[in-house]
Amino acid sequence: MITIKNKDKLLTYILAQERDCFAVEYKNVYPNNEIKEFEFYLLMEQFKNKGLLKSAKRISGGKCYINLSADIYDFSAHGGFAAQEELLRANIEKLSYELDKLSGSSDPLVVDRASKIAGIAASIATVLGLFVE
């Protein structure tokens, strides 16, 4: 299963190569088969879609030829996937706090809307909890 830890492991491996174009081998990144080979390819595609890679071309034998984007360095410098997850959680907590403050209002319409939005935020927080390793 793909986790934040697995994504950051791939990110770290790629940057450690100190090259802009090269082939990444699944077995070199995940020697203990932390994820499946098809998941490795999915991660490469995600990295490409996020703009971290200019290209990611699947090669047989568990390899992927990649071309880096400068954005990968910025993303890593900002803490990678773990930091992105923490920021999302912090923003949801802040939203919940602000909604709790609004629910103390004397206007019934404001209280009702705050309650509905708080329910949505709680649902999002619950779903996020399912994806933590």
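The structure this text deals with has already been given above.
Please read these numbers as outputs of a predicted model, since none were measured by experiment.

*Asks:* Give me the lowdown on the overall build of the protein chain, citing residues and values where you can.
*Replies:* What the protein chain contains, in helices and strands, is 6 helices and 3 strands. Mapped in sequence order, the helices and strands of the protein chain form the string α-β-α-α-β-β-α-α-α. Within the protein chain, buried positions represent 31% of all 133 residues. Pairs at least 24 apart in sequence give 52% of the contacts found in the protein chain among residues at least 6 apart. Carbon together with sulfur atoms contributes 56% to the accessible area of the protein chain, which is approximately 8500 Å² in total.

*Asks:* Can you break down helix H5 (residues 80-103) residue by residue, with the values?
*Replies:* Because an α-helix packs 3.6 residues into every turn, residues spaced three or four apart end up facing the same way. In a regular helix each residue adds 1.5 Å, so 24 residues correspond to 34 Å; H5 covers 35 Å between its end C-alpha atoms and thus fits that length. Residues of H5 that are buried include every one of Gly 80, Phe 81, Glu 85, Ile 92 and Leu 99, and no others.

*Asks:* Provide a residue-level description of the packing of aromatic side chains, including the pertinent values.
*Replies:* Across all of its chains, the model carries 5 aromatic pairs by this definition. Here Phe 75 and Phe 81 contribute two aromatic rings whose centre-to-centre distance is 4.7 Å and whose plane-to-plane angle is 70°, an arrangement assigned as edge-to-face. No difference in accessibility class separates Phe 75 from Phe 81, as the two residues are buried. One aromatic cluster is present, formed by Tyr 26, Tyr 30, Phe 40 and Tyr 41 through successive ring pairs.

*Asks:* I'd like a rundown of the sheet that holds strand S2 (residues 53-59), residues and numbers included.
*Replies:* Pairing within the open sheet is antiparallel, and its 3 strands lie in the order S1-S3-S2. Of all the strands in the sheet, the pair left with one neighbour each is strand S1 (21-25) and S2. Each neighbouring strand pair of the sheet contributes to a mean axis angle of 25°, computed without reference to strand direction. Judged from the 6 bridges that link them, S2 and strand S3 (residues 63-68) form a sheet pairing that is antiparallel. Directly across from Ala 56, in S3, lies its bridge partner Ile 66. Each of S1 and S3 touches helix H1 (residues 4-16); the most contacted strand, S1, lies at about 135° to it. Running over the sheet, helix H3 (residues 37-49) touches S1, S2 and S3 and is turned about 155° from S2.

So, how was this worked out
- Residues numbered from 1 in each chain as written.
- Predicted model: local features only at pLDDT ≥ 70, side-chain atom pairs only at ≥ 80, totals over all residues.
- Heavy atoms only, no water.
- Helix = DSSP H or I, 4+ residues; strand = E, 2+ residues; numbered from the N terminus.
- Buried < 20%, exposed > 50% of the residue type's maximum accessible area, 1.4 Å probe, protein only.
- Contact = heavy atoms within 4.5 Å.
- Areas by Shrake-Rupley, 256 points an atom, 1.4 Å probe, with all protein chains shown as cover.
- Expected span 1.5 Å × (residues − 1).
- Phe/Tyr/Trp six-rings, centres within 6.5 Å; stacked < 30°, edge-to-face > 60°.
- Pairing = 2+ DSSP bridges.
- Axes fitted to C-alpha atoms, helices over the stretch in contact; angles between N-to-C directions.

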